[in-house]
Amino acid sequence: MTHPRMAARLQGLGTTIFAEMSALALRTSSINLGQGFPDTDGPAPMLEAAVDAIRSGEHNQYPPGIGIAPLRHAVSEHQRRFYGLDFDPDTEVLVTAGATEAIAAALLALVEPGDEVIALEPYYDSYVACIAMAGGVRVPITLQAPDFRLDLDALRAAVTPRTKLLLINTPHNPTGTVLTPEELRAIAELACERDLLVVTDEVYEHLIYDDAPHIPLATFPGMRERTVTISGAGKTFAVTGWKIGWVCSTPELVTAVRTAKQFLTYVSGGPFQPAVAQALRFEDTYYDELRTSMQRKRDLLSSGLASLGLKVFVPGGTYFVTTDVRPLGYDDGVEFCRMLPERCGVVAIPHEVFYDDKAAGRPLVRWAFCKRDDVLTAAVDRLRNGLK
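Residues numbered from 1 in each chain as written. Predicted model: local features only at pLDDT ≥ 70, side-chain atom pairs only at ≥ 80, totals over all residues. Heavy atoms only, no water.

The name given to the protein in an unreviewed UniProt entry is Probable N-succinyldiaminopimelate aminotransferase DapC, and the organism recorded there is Actinopolymorpha pittospori. Taken from UniProt, the Function (unreviewed entry) comment for the protein reads in full: "Involved in the lysine biosynthetic pathways. It catalyzes the transfer of an amino group from L-glutamate to N-succinyl-2-l-amino-6-oxoheptanedioate (N-succinyl-2-l-amino-6-ketopimelate) in a PLP-dependent reaction, yielding as products N-succinyl-l-2,6-diaminoheptanedioate (N-succinyl-diaminopimelate) and 2-oxoglutarate." The record held by UniProt for the protein lists under Catalytic activity (unreviewed entry) the comment "N-succinyl-(2S,6S)-2,6-diaminopimelate + 2-oxoglutarate = (S)-2-succinylamino-6-oxoheptanedioate + L-glutamate". (UniProt positions renumbered as here; feature names shortened; annotations may be inferred.)

Okay, structure coming up:
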């Protein structure tokens, strides 16, 4: 459906699938394994720090446009501690309203109308909208089932004289793919050879399983000066509603992103910023226990879905698992997901909405496992009873 008064570049975007499915979950009292948010609170010391910040009265007004100094320093220390990357907290770190705003600001700041932006398909839905709002041309590189690996030959072939930027997401939502060191090195070499900018969405950096490492693209030779690294607190600390994200890059690129960002929200999350600063300094045991807990949940839901007859693609990262619904006699994931709430009392997300190549995503469905174990078990039981 077209809207005659809407800008052409936004035609077809409409209401997100997450809004539709979450509303359906509420209406049917379904277990929501669609939208990716945990159903437990984040760590108590961080929550108390936010309460203290509100009560102190020191953080309830506008914070500095680049974010409060303690948080910028904590982000800088985090990058050094985990990856050996040095970013000046005063000129190379920018606090944003979540990673989604950081991505929007980066694309608005760096992409001219007509520039080509290469992104890994299936893509998180905001990528499509942000590229469109920047006037860019979306060029997909499709990660194909069953392994969802990056086709490096296809990536190289996709680069043209009009290519401005690579938009890379690892760990990858929705497939859960974690790019290997070899894949990352090839991306880095291509970016340097063709003088491309790179925006990396690394919000699931601490949700990688089976002892695989997270390796930021900025650590590769020649990439520090051309990469905009984006992450945030929502996934790591189970506070998706706080919307605290950040950008790390060179002073030039951070200034460009900030120029666009200041006209989006300007600032946000005043009392949450000192709390996140504290959380980023948690001991390694916090991060280790988070990974162990989420890997157990991944395995719990994956085995449950497999027991129903679904073909399960076990993810290397994120908190989503993908299945193929065709073994159950369905060939359309959208139809399957719209049927589930009424029939089973469970909500999931169809992959098709993340693709330009609709056929590639049509039989695939994404399920979130960032829920309590009893909720995951109950969801599988509901599916077993409803899909008989």
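That covers the picture; the talk isn't over yet.
Under the counting rule described, the total for this entry stands at one cavity of 30 Å³ or more. One number sums up the size of the largest cavity: a volume of about 40 Å³. As for the largest cavity, its lining consists of Pro 64, Gly 65, Gly 67, Val 95, Thr 96, Ala 97, Lys 261, Tyr 266, Val 267, Ser 268 and Gln 273. Here the lining of the largest cavity is built from residues that sort into five nonpolar, five polar and one charged. (1 Å grid on protein atoms, 1.4 Å probe; cavity = no way out; pocket = protein on both sides within 12 Å on 5 of 7 lines; lining within 4 Å. Points joined across faces, edges and corners; volume = space filled by probe spheres on them. Nonpolar A, V, L, I, M, F, W, Y, C, P; charged D, E, K, R; others polar.)

Another aspect to go through is the sheet that holds strand 6 (residues 197–201). Sheet architecture is open: seven strands sit in the order 2-8-7-6-5-3-4, paired in mixed fashion. Each of the sheet's edge strands pairs with one partner strand only, and the pair in question is strand 2 (93–96) and strand 4 (137–142). In this sheet, adjacent strand axes meet at a mean angle of 20 degrees when their direction is disregarded. Both strand 3 (residues 116–121) and strand 5 (residues 163–169) contribute to a ladder of four bridges, which runs parallel. Each residue of the ladder has a partner; that of Ala 119, found in strand 5, is Leu 167. (Pairing = 2+ DSSP bridges. Helix = DSSP H or I, 4+ residues; strand = E, 2+ residues; numbered from the N terminus. Axes fitted to C-alpha atoms, helices over the stretch in contact; angles between N-to-C directions.)

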